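Here is what each chain is made of, one letter per residue.
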Amino acid sequence: MFQIALASRVAEWDHSETIGDLFVASFSKLMVLNVYSDYINNFTNAMALIKKACVSKPAFLDFLKKKQASSPDRITLYGLMVKPIQRFPQFILLLQDMLKNTPRAHADRLPLQLALTELETLAEKLNEQKRVADQEAEIQQLSHSMGDRSFNKLLNSEHRQLIHCELLTEMVYGERGQVLKSKERKIFLLNDIVICANINLKGPPDINSLVPVGPKYTVKWTTPLLQTQVVEVGQDSVQTIDRLSSTRRHSSISSSTGTSKPESRPQAGEPRLNPTPVSGKMFLGPPRLYQDLEELQHDLAVVEEVSLLVGTLHGTYQNLNTTVSQDWCLALQRLIRLKEEEIQNANKCRLRLSVPGKPDKCGRPVSVMVVFSTPSPVSKITWVNRLHLAKIAQSQENTPGWECAEDDGRTRALFSFPLLTCRLPLFCQRSHALKLEAALHSPFQSSLLGFCTASTSLPQGYLWVAGGGGSSSHGQVEIFSLNRAAPRLVKTVPLRAPVLCLEYVKEPCPGAGEKEADRPQSPAKMGNIICAGLQDGSILVYSSVDTAVQCLLSMGNPDRCPVLCLKHSLSFLFAGLADGKVAVYQRKVGDRLWDVDSCRLVSLGSGPVSSLLTLEDAVWASCGNRVSIIQGSSLHAQSFEAHSDPDFSVSHMVRSGGGVWMAFTQGSSIHLFHTETLEQLQEVNISARTNHLTAGQVCVSSLLICQGLMWVGTSQGVILTFPVPSLQGIPKITGKGMTSLNAYCGPVDFLVATSSTLASDLLRRDSVFNGSEEDANGGMAEDDGGQRPERSGYTQDPEVPRLRGEKPKHLLLQYRLRSTCQLPGKPLTAQPEGNQRAPPDVLEHSLEDGSIYEVSEDPDVWVRGRPVEWGREGEVRRNKVTSTAIFSGGRGYRRVGQAGSADSENTLMVWQLPLTLSQ
């Protein structure tokens, strides 16, 4: 049908250059979703049947080979069957390319955006149905593999859902860190239990290699989720020495059948706890890495003593002097740094779980350590994050956490919805005097966070919360650190007037042709710039470096009108004032700050300018029921009517893709406008989407769009979310709205999104040192005559022991020196004097150098940064792991349907979303 419509449109292309409406008409039908969903969900079974037929019926296999050989594109049956699955992603890419090449004024611009929205929505629905079908298939496969009826009943409970499952490799270590055994296990994370299962493949090997008939599972152990802890390498053990000695008996984990293994000699497959003492602490992990580190530290202490003795020599020798001995020390220091990094790398793909085992003879609880090897660092991060959020989902606030009124009021606490992580008071000392006004996220990457701490903590940076007004004539800003699982108050900044708005200004990136030397150099590091608009009409500009806050600039407007909102563009700072004007400040030439004397006023109306929105080189400003678009440096403004009723003033504006959602001071409706044609595309009454809002008495008090969800805060303290597309299409509300059962006693004063991307080096299997270290840190630079080592093809798992009897490798203990031939004195050597020495320009070590520098160690430890493995150069670039959290502020706390305290303090709620992986 789509092909017929497309051919007809191409035939009349000279009269109608539009194609987007055909996509909308063809793929917005419910029939398309049903047909493709059935096909995609059955694809795995269909391919299994085809492969089985190829094995059992050779004639059918020959038939397929002949058809492939005779086809023009030599496509296989699998390639043909996978085309419908690839169709929608290809259409989405095609529409994105067409939008890039379609002018803004073209008639097909809006239809293409609507088509992109329809296809994105369809693809997300297909993916969601596929995810649900795969989860149900995994549960059914596990249930059918077990003959225990009670276990099947446990799995098939309607309150139990599968969150994550993956094939991992269980590693069993000996007392000295050697790998005793490794075996693949299937780990299932449900909403309240963790299941470890053995995999038993039935049938002949030749069929199993071709036909995914599905494995048979044997449950090895199950454990409650809340009693499962993730333990990192180098983390102190919570158990005492006596407790650890009892766990060395390797008590087995309680399995689903209730059987236990004897305590005598541990079986090869049993989980083990192998603590290793290092520097007076108990470390859980491969002991060999820490033993190597201790040996290197010992060697460094010895070499430092040797260096002192070398300094007392009376003779002068080329290859035995203080320069050489200091080079030994620098080389050993680098080996120690690399060994510490190797310990971190060993942690990136090792998932260590502490689970409850069988109590000891005295009845004391015993924990057993189970170590799994994950396929990649991203897999490890995903497991830690899912375990962390699954525990949060078990809290009282999240059971249930959300309700869908369009599903007959049925409550559900889906893991895919935001989870209420914590709530904490704001302005504790002056909670009744200050009113919450604004908040923002100041990003800051902390290098002190560990690998898994970064995956369970909130998005890195600081949260600024501002307030004022009420019965107080002063303002206050509270700064919270987010580098942990819950916010922590680190600084309070009192201000002379109430703060009404905040704006974060990112440091502008230099242009492609701008050199480093051309950029303005400030005397001190400015860090992030944060602007605060006050009720007395002033704008305070702060620099924020870590927790240090410094006021860099104070600006005002001629009429001293309160600053209600702030937005910035590349060259300007816009301030919406209470008298209906917008104050525009221009950035100084060659500076990040704005010129105080450059203030220009743009009059929009008599009402207050309550909302600003930056779109490319223009700013949208709302005044009353109209929205004005102020263009660039010319400050030319054009306006349009956002609501037909003059009493309905625009209070909030948020943008996503090609649309802008607007909320009003009255009424419970929100409107969607096209950013290019200014046409109204959708109107949604939020009070009709929930049973917990009183129609006619509610309005929108805050608005936010983040990661495909539109958050709506209401004047009655209830928060709603609606799914919206996240690509460059039109952000129409296409799904069912959800109501949070955690609400405020008063209006939702603000909604703020925070996000941060995990550092790319955390996603590498092996971290790569920077190629140029400063000399002060013992670096080896090119101009120091340093020899750049060659790429080593030697790779070895840091936790895999050397083979018995294998001769240890050797390396040259060097750092800056490439040879001692240039040093004064004679060489100290046993070789005859007649032997020829290597010329000075030769980069290779001479024999005497080798006799001095040779030490026993891994051959690739000294290499200056391990190269990324061949074929994995783009792994870090492709994998982008993002942490996201939502912060909401209001007065008091209540559960929806229950009464809250009328005289409550200001409260901050933290909502966390699962980590997302993008490319």
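Predicted model only: the values in this text are computed from it and were never measured.

Quick notes on the rules
- Residues numbered from 1 in each chain as written.
- Predicted model: local features only at pLDDT ≥ 70, side-chain atom pairs only at ≥ 80, totals over all residues.
- Heavy atoms only, no water.
- Helix = DSSP H or I, 4+ residues; strand = E, 2+ residues; numbered from the N terminus.
- Buried < 20%, exposed > 50% of the residue type's maximum accessible area, 1.4 Å probe, protein only.
- Contact = heavy atoms within 4.5 Å.
- Areas by Shrake-Rupley, 256 points an atom, 1.4 Å probe, with all protein chains shown as cover.
- Salt bridge = Lys/Arg side-chain N within 4 Å of Asp/Glu carboxyl O.
- Axes fitted to C-alpha atoms, helices over the stretch in contact; angles between N-to-C directions.
- Parallel < 35°, antiparallel > 145°, perpendicular 65-115°, else oblique.
- Left-handed = near helix turned anticlockwise from the far one by under 90°.
- Core = buried A, V, L, I, M, F, W, Y, C linked by side-chain atoms within 4.5 Å.
- Pairing = 2+ DSSP bridges.
- Nonpolar A, V, L, I, M, F, W, Y, C, P; charged D, E, K, R; others polar.
- UniProt positions renumbered as here; feature names shortened; annotations may be inferred.
- Expected span 1.5 Å × (residues − 1).
- Phe/Tyr/Trp six-rings, centres within 6.5 Å; stacked < 30°, edge-to-face > 60°.
- Lys NZ or Arg CZ within 6 Å of the ring centre and 35° of its normal.
- Patch = residues over 30% accessible without salt bridge, like charges linked within 9 Å, V, L, I, M, F, W, Y side chains within 5 Å.
- Polar contact = N/O pair within 3.5 Å; in protein donor to acceptor, adjacent residues only side chain to side chain.

Visitor: What exactly am I supposed to notice about the overall build of the protein here?
Guide: On a plain count of helices and strands, the protein comes out with 17 helices and 43 strands. Within the protein, buried positions represent 49% of all 919 residues. Taking the intrachain contacts of the protein between residues at least 6 apart in sequence as the baseline, contacts between residues at least 24 apart amount to 64%. Of the roughly 44500 Å² that the protein leaves accessible, carbon and sulfur atoms contribute 52%.

Visitor: Looking at this model, I keep getting lost on the pattern of salt bridges. Mind explaining?
Guide: Think of it this way: side chains of opposite charge can pair up when their charged atoms draw near. One pass over the full model with this rule turns up 16 salt bridges. Note that R496 and D536 form a salt bridge whose closest N and O atoms lie 3.1 Å from each other. Within this pair, whereas R496 is found in the loop between β16 (488-495) and β17 (499-505), its partner D536 is found in the loop between β18 (528-534) and β19 (538-545), the two being separated by 40 residues in sequence. The class of R496 is partly exposed, set by a relative accessible area of 47%.

Visitor: Explanation requested: the packing of helix α3 (residues 30-41) against helix α8 (residues 109-145) in the structure shown.
Guide: The description of two helices packed together rests on the angle between their axes and the distance between the axes. In the contact formed by α3 and α8, the axes pass within 10 Å of each other and the chain directions differ by 40°. Relative to α8, the element α3 lies oblique. With respect to the hand of their crossing, α3 and α8 are arranged in right-handed fashion. Of α8, the residues touching α3 (which contributes V32, L33, Y36, S37, I40 and N41) are L122, K125, L126, Q129, K130 and A133.

Visitor: Help me out: how do you make sense of the nonpolar core in this one?
Guide: As a rule of thumb, soluble globular proteins bury nonpolar side chains together. By size, the foremost hydrophobic cluster in this structure holds 24 residues, and its most contacted members are W661, I670, L703, M710 and I733. For this core, the secondary-structure elements that each account for two or more residues are β30 (659-664), β31 (669-674), β33 (700-706), β34 (709-714) and β35 (719-723). Among the elements that take part in this core, β33 stands out by supplying 3 residues, more than any other. In this structure, F2, L22, F27 and L33 belong to the second largest nonpolar core, which totals 21 residues.

Visitor: Whenever I open this one, the sheet that holds strand β27 (residues 626-631) confuses me. Can you help?
Guide: Sheets are built from strands paired through backbone hydrogen bonds, the pairs being either parallel or antiparallel. Ordered in space as β25-β26-β27-β28, the 4 strands form an open sheet in which the pairing is antiparallel. Both edges of this open sheet fall to β25 (609-615) and β28 (636-641), since each of them pairs with a single strand only. Averaged over all pairs of adjacent strands, the angle between their axes in this sheet comes to 25°, without regard to strand direction. As defined by bridge partners, β25 adjoins strand β26 (residues 618-623) across 6 bridges and the pair is classed as antiparallel. Its bridge partner lying in β26, V609 is registered against C623.

Visitor: So what exactly am I meant to see when it comes to the pairing of β28 here?
Guide: Each regular strand shows side chains that alternate between the opposite faces of the sheet. As paired strands, β27 and β28 are joined by 6 bridges and run antiparallel to one another. What sits directly across from S628, in β28, is S639. If you look at the hairpin formed by β27 and β28, you'll find 4 residues sitting between the two strands, and G632 has a positive phi there, around 30°.

Visitor: When you look at the packing of helix α1 (residues 2-11) against helix α2 (residues 20-27) in this model, what are you seeing that I'm missing?
Guide: One can describe the packing of α1 onto α2 by two numbers: an axis separation of 10 Å at closest approach and a directional angle of 160°. Here α2 runs roughly antiparallel to α1, going by the angle between their axes. Pair α1 / α2 crosses with right-handed handedness. Residues F2, A5, L6 and R9 of α1 form the contact with α2, whose participating residues are D21, L22, F23, S26 and F27. Across the contact of α1 with α2, the residue classes tally to 6 nonpolar, 1 polar and 2 charged.

Visitor: Any chance you could explain the UniProt feature "coiled-coil region" (unreviewed entry) in the protein here in plain terms?
Guide: Look at the UniProt record and you will see "coiled-coil region" (unreviewed entry) annotated at residues 112-145. Helix makes up 100% of residues 112-145 and strand 0%. Its end C-alpha atoms lie 49 Å apart.

Visitor: Just checking my understanding: could you explain helix α14 (residues 377-392) for this structure?
Guide: In an α-helix, one turn spans 3.6 residues; hence positions three or four apart end up facing the same way. With 16 residues, α14 should reach 22 Å at 1.5 Å per residue; the first-to-last C-alpha distance of 23 Å fits that figure. The element α14 is largely enclosed, with a buried count of 15 among its 16 residues.

Visitor: Explain the packing of aromatic side chains here, please?
Guide: Any two aromatic rings considered together are summarised by their centre-to-centre distance and by the angle between their planes. Enumeration according to the criterion identifies 20 aromatic pairs in this entry. Here Y39 and F43 contribute two aromatic rings whose centre-to-centre distance is 6.4 Å and whose plane-to-plane angle is 50°, an arrangement assigned as tilted. Judged by its relative accessible area of 30%, Y39 is partly exposed. Exposure remark for F43: the relative accessible area of 10% places this residue in the buried category. Taken together, F2, F23, F27, Y36, F88 and F91 form an aromatic cluster joined through their ring pairs. Just above the ring of Y893 sits the side chain of R423; from NZ or CZ to the centre is 3.8 Å.

Visitor: What am I meant to see in the environment of S543 here?
Guide: By the secondary structure assignment, S543 is in strand β19. Measuring from C-alpha to C-alpha, the distance between S543 and C531 comes to 8.9 Å, with 12 residues separating the pair along the chain.

Visitor: Just checking my understanding: could you explain the pairing of β25 for this structure?
Guide: With respect to burial, β25 is a largely interior element, 5 of its 7 residues being buried. Connecting the antiparallel pair β25 and β26 is a turn made up of 2 residues, with E616 showing a positive phi of about 50°.

Visitor: Before we go on, may I ask you to explain a nonpolar patch on the surface in this structure?
Guide: Together, M1, M31 and V35 make up an exposed nonpolar region whose accessible area comes to about 350 Å². Topologically, M31 is positioned in helix α3. Note on M31: relative accessible area 46%, which makes it partly exposed.

Visitor: Sorry, what's going on with the environment of W402 here?
Guide: Relative to the helices and strands, W402 is located in strand β10 (residues 402-404). Overall, the relative accessible area of 2% leaves W402 in the buried class. C-alpha separation for the pair W402 and T739, spaced 337 residues apart in sequence, amounts to 5.5 Å. Polar side-chain contacts of W402 include one of 2.8 Å to the backbone oxygen of P418.

Visitor: Where do I start with the side chain of Q716 in this structure?
Guide: Secondary-structure assignment places Q716 in the loop between β34 and β35. Among the polar contacts listed, one links the side chain of Q716 to the backbone nitrogen of T694, at a separation of 3.3 Å. Every residue in contact with Q716, bar those within four places of it in the chain, is listed here: H692, L693, T694, Q697, V698, Y744, G746 and R894.

Visitor: Explain the sheet that holds strand β22 (residues 572-577) to me, please; I cannot follow it from the model alone.
Guide: In spatial order, the strands read β21-β22-β23-β24; together these 4 strands make up an open sheet with antiparallel pairing. A strand with exactly one partner marks an edge of an open sheet, and here the two such strands are β21 (563-568) and β24 (600-603). For this sheet the average axis-to-axis angle between neighbouring strands, irrespective of direction, equals 25°. Bridge analysis of strand β23 (residues 581-586) against β24 gives 4 bridges, and the strand direction is antiparallel. Residue pairing across strands places V584 opposite R600, the latter belonging to β24.

Visitor: Got a minute to help me understand unusual backbone geometry in this structure?
Guide: Glycine aside, a negative phi is what most residues show, and trans is what most peptide bonds show. Between T399 and the following residue, P400, the backbone shows a cis peptide bond with an omega angle of -5°. Looking at the element boundaries, P400 is found in the loop between α14 and β10. Positioned with a positive phi, R74 is a non-glycine residue whose angle comes to about 50°. Residue R74 is classed as exposed on the basis of its relative accessible area of 51%. Phi angles above zero are rare outside glycine, and L635 is one such case at about 60°.

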